[in-house]
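# Analysis of the macromolecular model
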Amino acid sequence: MHIRYHVTSVLNRASISRHGLDWSRMGAAPGIAGSRRPEQEGCFLAADEFECDWFVRMNNTGGAVDVWEVRSIDADDLIQSPEGYYYFPGVIAASDLRLVQQDLPPVHHHA
(Lines give C-alpha, C1' and ligand atoms only; values in the text may rest on other atoms or scores of the structure.)
Protein backbone atom coordinates (compact mmCIF):
# COMPACT_ATOMS: atom_id res chain seq x y z
CA MET A 1 0.00 0.00 0.00
CA HIS A 2 1.06 3.51 -0.81
CA ILE A 3 1.38 6.06 2.00
CA ARG A 4 -1.01 9.00 1.67
CA TYR A 5 -1.59 12.07 3.84
CA HIS A 6 -4.55 14.01 5.19
CA VAL A 7 -4.14 17.65 6.26
CA THR A 8 -6.65 19.07 8.73
CA SER A 9 -7.14 21.63 11.46
CA VAL A 10 -5.63 20.84 14.86
CA LEU A 11 -9.17 21.31 16.20
CA ASN A 12 -10.04 17.96 14.63
CA ARG A 13 -7.23 16.02 16.34
CA ALA A 14 -9.27 14.60 19.23
CA SER A 15 -12.14 13.54 16.95
CA ILE A 16 -9.77 11.89 14.46
CA SER A 17 -7.91 10.09 17.24
CA ARG A 18 -11.21 8.70 18.47
CA HIS A 19 -13.29 8.21 15.30
CA GLY A 20 -10.78 8.22 12.45
CA LEU A 21 -11.26 10.28 9.30
CA ASP A 22 -15.01 10.64 8.92
CA TRP A 23 -16.23 13.37 6.58
CA SER A 24 -19.71 13.26 8.15
CA ARG A 25 -18.24 14.54 11.44
CA MET A 26 -16.91 17.77 9.91
CA GLY A 27 -17.86 20.76 11.97
CA ALA A 28 -15.17 21.58 14.56
CA ALA A 29 -13.24 23.61 12.00
CA PRO A 30 -13.41 24.61 8.34
CA GLY A 31 -11.94 22.33 5.72
CA ILE A 32 -8.42 22.98 4.47
CA ALA A 33 -9.80 25.15 1.65
CA GLY A 34 -11.97 27.09 4.11
CA SER A 35 -15.28 25.36 3.42
CA ARG A 36 -17.76 24.91 6.28
CA ARG A 37 -19.28 21.73 4.81
CA PRO A 38 -17.67 18.73 3.13
CA GLU A 39 -16.85 19.46 -0.50
CA GLN A 40 -17.21 15.74 -1.26
CA GLU A 41 -18.63 12.77 0.62
CA GLY A 42 -15.20 11.57 1.65
CA CYS A 43 -11.78 12.55 2.98
CA PHE A 44 -9.18 14.14 0.71
CA LEU A 45 -5.82 12.37 0.66
CA ALA A 46 -2.55 13.78 -0.66
CA ALA A 47 -0.67 11.33 -2.89
CA ASP A 48 2.81 12.19 -1.63
CA GLU A 49 4.81 14.60 0.52
CA PHE A 50 4.90 17.26 -2.23
CA GLU A 51 1.09 17.31 -2.52
CA CYS A 52 0.80 17.19 1.27
CA ASP A 53 2.97 20.32 1.53
CA TRP A 54 0.73 22.01 -1.04
CA PHE A 55 -2.33 21.32 1.16
CA VAL A 56 -0.44 22.62 4.21
CA ARG A 57 0.32 25.87 2.34
CA MET A 58 -3.33 26.11 1.18
CA ASN A 59 -4.50 26.14 4.81
CA ASN A 60 -7.60 28.33 5.13
CA THR A 61 -8.77 26.85 8.43
CA GLY A 62 -7.93 29.97 10.44
CA GLY A 63 -5.28 28.21 12.54
CA ALA A 64 -2.63 25.51 12.71
CA VAL A 65 -2.94 22.14 10.97
CA ASP A 66 -1.93 18.53 11.53
CA VAL A 67 -0.74 15.97 8.99
CA TRP A 68 -1.99 12.40 9.33
CA GLU A 69 -0.33 9.48 7.56
CA VAL A 70 -2.74 6.99 5.98
CA ARG A 71 -1.54 3.51 5.02
CA SER A 72 -4.75 1.54 4.45
CA ILE A 73 -6.06 2.94 1.16
CA ASP A 74 -5.40 1.60 -2.34
CA ALA A 75 -5.36 3.99 -5.29
CA ASP A 76 -8.26 2.04 -6.82
CA ASP A 77 -10.42 3.03 -3.82
CA LEU A 78 -10.05 6.78 -4.47
CA ILE A 79 -12.32 9.07 -6.46
CA GLN A 80 -11.13 12.16 -8.30
CA SER A 81 -13.02 15.35 -7.47
CA PRO A 82 -14.00 17.85 -10.21
CA GLU A 83 -11.07 19.99 -8.99
CA GLY A 84 -8.61 17.15 -9.62
CA TYR A 85 -7.91 16.03 -6.04
CA TYR A 86 -8.47 12.51 -4.77
CA TYR A 87 -10.64 11.46 -1.85
CA PHE A 88 -11.69 8.26 -0.14
CA PRO A 89 -15.50 7.88 -0.10
CA GLY A 90 -15.79 6.42 3.38
CA VAL A 91 -14.46 6.39 6.90
CA ILE A 92 -10.79 5.62 7.59
CA ALA A 93 -10.35 3.96 10.98
CA ALA A 94 -8.21 5.66 13.63
CA SER A 95 -6.09 2.49 13.77
CA ASP A 96 -5.05 3.15 10.13
CA LEU A 97 -3.79 6.66 10.91
CA ARG A 98 -0.64 8.10 12.44
CA LEU A 99 -0.15 11.76 13.37
CA VAL A 100 3.16 12.66 11.69
CA GLN A 101 3.20 16.47 11.96
CA GLN A 102 1.25 18.68 14.32
CA ASP A 103 0.59 22.33 15.04
CA LEU A 104 1.93 23.58 11.69
CA PRO A 105 1.23 27.34 11.61
CA PRO A 106 -0.63 28.95 8.73
CA VAL A 107 1.56 30.22 5.89
CA HIS A 108 0.93 33.90 5.33
CA HIS A 109 0.67 34.78 1.64
CA HIS A 110 1.71 38.26 0.62
CA ALA A 111 0.17 40.00 -2.35
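These figures come from a predicted structure and were not determined experimentally.

### Looking at the nonpolar core
Among the nonpolar cores identified, the biggest contains 11 residues, and these are Ile 16, Leu 21, Cys 43, Leu 45, Trp 68, Val 70, Ile 73, Leu 78, Phe 88, Ile 92 and Leu 97. Judged by nonpolar contacts, the second largest core, of nine residues, contains Tyr 5, Val 7, Cys 52 and Val 67.

### Observations regarding unusual backbone geometry
In this model, Asp 103 sits at a positive phi of 60°, which is unusual for a non-glycine residue. Inspection of the secondary structure puts Asp 103 in strand 6 (residues 97-104). Asp 103 sits in the partly exposed class, given a relative accessible area of 42%.

### A closer look at the sheet that holds strand 6
In spatial order, the strands read 1-3-6; together these three strands make up an open sheet with antiparallel pairing. Both edges of this open sheet fall to strand 1 (4-9) and strand 6, since each of them pairs with a single strand only. Between one strand axis and the next, the sheet turns by 20° as a mean value, whatever way the strands run. The pairing of strand 3 (residues 65-70) with strand 6 spans five bridges and is antiparallel. Bridging across to strand 6, Glu 69 finds its partner in Arg 98. Relative to strand 1, helix 2 (residues 49-58) is tilted by about 10°, and along the sheet it contacts strand 1, strand 3 and strand 6.

### What about the side chain of Ser 81?
Mapped onto the elements, Ser 81 comes out in the loop between strand 4 (79-80) and strand 5 (86-88). The contacts of Ser 81, once residues within four sequence positions are left out, are Gln 40, Phe 44 and Tyr 87.

### Let's talk about the sheet that holds strand 2 (residues 43-44)
Within the open sheet, the three strands sit side by side as 2-5-4. Their pairing is antiparallel. Strands at the two margins of the open sheet, each flanked by one partner only, are strand 2 and strand 4. With two bridges connecting them, strand 4 and strand 5 associate as antiparallel partners. The partner of Gln 80 across the bridge, within strand 5, is Tyr 86.

### So, the pattern of salt bridges
Enumeration according to the criterion identifies four salt bridges in this entry. Residue Arg 71 pairs with Glu 69 through a salt bridge whose shortest N-O separation is 3.0 Å. Its relative accessible area of 47% is what places Arg 71 among the partly exposed residues. Each of Arg 13, Asp 66 and Asp 103 takes part in salt bridges that share partners, so that together they form one network.

Scoring rules and cut-offs
Residues numbered from 1 in each chain as written. Predicted model: local features only at pLDDT ≥ 70, side-chain atom pairs only at ≥ 80, totals over all residues. Heavy atoms only, no water. Core = buried A, V, L, I, M, F, W, Y, C linked by side-chain atoms within 4.5 Å. Buried < 20%, exposed > 50% of the residue type's maximum accessible area, 1.4 Å probe, protein only. Helix = DSSP H or I, 4+ residues; strand = E, 2+ residues; numbered from the N terminus. Pairing = 2+ DSSP bridges. Axes fitted to C-alpha atoms, helices over the stretch in contact; angles between N-to-C directions. Contact = heavy atoms within 4.5 Å. Salt bridge = Lys/Arg side-chain N within 4 Å of Asp/Glu carboxyl O.

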